[in-house]
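Examination of the molecular architecture
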Amino acid sequence: MTRSYRVRQIVKLFVLNLLGLSPAAFSSVACADDLMQVYRDAIANDPVYASARAALSAGRERLPQATAGLLPTVDASTFTQWNEADIRLREANAEIRNRQYNSNGFTVSLNQPLFRWQIWEKYKQAELAIAQAEAQFAESTQQLIVRVVQAYFDVLAAQDGLAFLTAQKEALTELLAQARKSFVVGKANITDLYDAQARYDVVASQELAAKNGVEIKKRALRQITSKYPQRLTPLKASMKLNMPLPEVMDEWVARAERDNFTVRGKEAAVEIAAREVSQQRAGHYPTLDLFANRSKSSAGNSTTTTTFIGSDVFSSAIGVRLVIPIFTGGAVDSRTREAIASLEQARQDAEAARRTAAQNATQSFLDVTSGISQINGLETALKSNQMALDSNRKGYSVGLRINNDVLTALQQLFSAERDLSKARYDTIVNSLKLKAAAGILLETDVEELNRIALDHE
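Treat the numbers as computed from the prediction; the structure is a model and nothing was measured.

What counts and how
Residues numbered from 1 in each chain as written. Predicted model: local features only at pLDDT ≥ 70, side-chain atom pairs only at ≥ 80, totals over all residues. Heavy atoms only, no water. Helix = DSSP H or I, 4+ residues; strand = E, 2+ residues; numbered from the N terminus. Buried < 20%, exposed > 50% of the residue type's maximum accessible area, 1.4 Å probe, protein only. Contact = heavy atoms within 4.5 Å. Areas by Shrake-Rupley, 256 points an atom, 1.4 Å probe, with all protein chains shown as cover. Arc of directions from axis to C-beta. Core = buried A, V, L, I, M, F, W, Y, C linked by side-chain atoms within 4.5 Å. pLDDT = per-residue confidence, 0-100. Salt bridge = Lys/Arg side-chain N within 4 Å of Asp/Glu carboxyl O. Polar contact = N/O pair within 3.5 Å; in protein donor to acceptor, adjacent residues only side chain to side chain. Phe/Tyr/Trp six-rings, centres within 6.5 Å; stacked < 30°, edge-to-face > 60°. Lys NZ or Arg CZ within 6 Å of the ring centre and 35° of its normal. Axes fitted to C-alpha atoms, helices over the stretch in contact; angles between N-to-C directions. Parallel < 35°, antiparallel > 145°, perpendicular 65-115°, else oblique. Nonpolar A, V, L, I, M, F, W, Y, C, P; charged D, E, K, R; others polar.

**Regarding the overall build of the protein**
When helices and strands are counted, the protein shows 11 helices and four strands. Here the protein holds 457 residues, and the buried ones make up 39% of them. Sequence-distant contacts in the protein: of pairs separated by 6 or more residues, those separated by 24 or more amount to 82%. Roughly 25200 Å² of accessible area belongs to the protein as shown, and the carbon and sulfur atoms make up 53% of that amount.

**Some remarks on helix α11 (residues 443-453)**
The set of residues buried in α11 consists of D445, V446, L449, N450 and A453. Looking straight down α11, one finds that the buried residues subtend no more than 135° of arc, so they occupy a single side.

**Side note on the nonpolar core**
L35, V148, V149, Y152, F153, L235 and L449 are the most contacted members of the largest nonpolar core, which totals 35 residues. Counting only elements with at least two residues in this core, the list comes to α2 (35-45), α3 (47-60), α5 (117-184), α6 (190-225), α10 (403-438) and α11. If one sorts the elements of this core by residue count, α5 sits on top with 12 residues. Those residues within four positions of V148 in sequence are excluded, and the remaining contacts are L35, V38, Y39, A42, L221 and I224. Counting residues in hydrophobic clusters, the runner-up holds 28 residues, among them A158, L162, A171 and L407.

**A look at the environment of A151**
When you line up the elements, A151 lands in helix α5. The class for A151 is buried, based on a relative accessible area of 8%. Along the backbone, A151 and R222 are 71 residues apart, and their C-alpha atoms lie at a distance of 9.1 Å.

**Structural notes on the confidence of the model for the protein**
Looking at the protein as a whole, the pLDDT averages 87, with 87% of positions reaching at least 70. Counted against residues more than four places away or in other chains, residues 12-30, with its pLDDT under 50, gives 25 contacts.

**A closer look at the pattern of salt bridges**
This structure, assessed with the given rule, holds 18 salt bridges. Across the pair D46 and R147 runs a salt bridge whose closest N-O atoms are separated by 2.6 Å. Note that D46 is positioned in the loop between α2 and α3 and R147 in helix α5, a separation of 101 residues in sequence. The partner of R354 in a salt bridge is E351, and the shortest N-O contact between them spans 2.9 Å. In this pair, R354 and E351 both sit in helix α9 (residues 331-397), three residues apart, roughly one turn of the helix. The network of salt bridges with common partners includes E267, E351, R354 and R355.

**Considering the environment of S278**
Mapping S278 onto the fold places it in helix α8 (residues 261-281). Sequence separation between S278 and W117 is 161 residues; the distance between their C-alpha atoms is 8.5 Å. Discounting chain neighbours no more than four positions away, the residues touching S278 are W117 and E121. Within polar-contact distance, the side chain of S278 engages the side chain of E121 at 3.2 Å.

**Some thoughts on the packing of aromatic side chains**
The relative placement of two aromatic rings is captured by the distance of their centres and the angle of their planes. For the structure shown, the criterion picks out five aromatic pairs. Taken together, the aromatic side chains of Y152, F153 and Y425 make up a single cluster linked through ring pairs. Note that R255 overlies the ring of W252, its terminal NZ or CZ placed 5.7 Å from the centroid. Seen from the ring of F291, R321 lies directly overhead, with NZ or CZ sitting 4.4 Å from the centre.

**A few points about the environment of R337**
Mapped onto the elements of the fold, R337 is located in helix α9. Distance from R337 to R281, taken between C-alpha atoms, is 9.4 Å for residues 56 residues apart in sequence.

**Observations concerning the packing of α2 against α6**
Here α2 crosses α6 at 55°, and the two axes come no closer than 7 Å. One finds that α2 runs oblique with respect to α6. Facing α2, whose interface residues are V38, D41, A42 and N45, α6 presents L221, I224 and T225. When its residues are assigned to classes, the contact of α2 with α6 shows four nonpolar, two polar and one charged.

**Observations regarding unusual backbone geometry**
Following L245, the chain continues to P246 via a peptide bond in cis, the omega torsion being 0°. Secondary-structure assignment places P246 in the loop between α6 and α7 (249-259). Although it is not a glycine, S226 sits at a positive phi angle of roughly 65°.

Set out below in structure tokens:
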């Protein structure tokens, strides 16, 4: 049973008792989608996550492409052509001999790189690119978890706020009716009646805005899952939140600087940039290839004379080819300088990611610890507000308290309940953000949260 539902019950029972009516039974929470089901829907339908998954698949193809550069290549070509030649002999009165014939042939060639430093560096870059793509995908997975839980709890928080306002409106409706009756019989003054009416009007307008807020939050969740949430399993009112383990902030910061997936991806980018510098410098290095080919060329008989006889020529060759670059117009040096500048950029990006991860871990740790303290304080305040409401109820029933005191106590109770609900949601999300900053947020965390935190009854 949700806390908002429980408070709504308490207030209704209070109002009914105040009016001398018999209490009604309230039904339990209907069957609803839980967090794990919503997360599975997000995995299947979230376009941001699908884009990250496609990027991972594309990144993994870099290695086969780089490996191909180390392997031999085999080419085959063939041709056929029509030839026409006029032959003039340098003799007096020599006739012009015209020859027309067809020729064709084919060639099969093999080339195996023996030494090409650029190709080897591309291969090492491809291995690093896969590590980078996997780190980026892991980061996207963590962000999906946070986005799903945040959107899920946003819906619950909006529903809680609406439930508080609805219960408050219903209570104010009954209290307003009671105030009118009391005013008619002279037990209350006009000020109490006007105050009750004003409070009711404010809550009624807030309820309308809260209904729109619920719809907006549900559609925000649908943007991730592609499914409109009808009912969501609520958070257990009895759930206790624990401090992060370890409870030392510096340990979380150190882990974030080391294991954060954004940091890992940026570190891989630094290694890729370093390999790019070596690859561009290799433009000055010689290359050595093994080659072999087999070819055949054929020429047909002349169509205009019988003195030209067709022929078939077969040839084979095998050897090594050494190419030494001498002058490239300064292109190699320019590309090397560009690669060095890109390497420095990658290093600075990695440092920025490291600092951001440390800051996120610090912020999330403090948010979790302060959130738990806030929850403990709000739980105490909620008990005090409930006691104050009971006291004002008894005072109002015997005429020692005016209606305004009851309304104020009622409003304070709802405010405390709303603040407590929001603090619990925020603290849970911040605990997930802390794990994400440290690079240890997993799907099992969603499963555990779904199991221990949500009220499936």
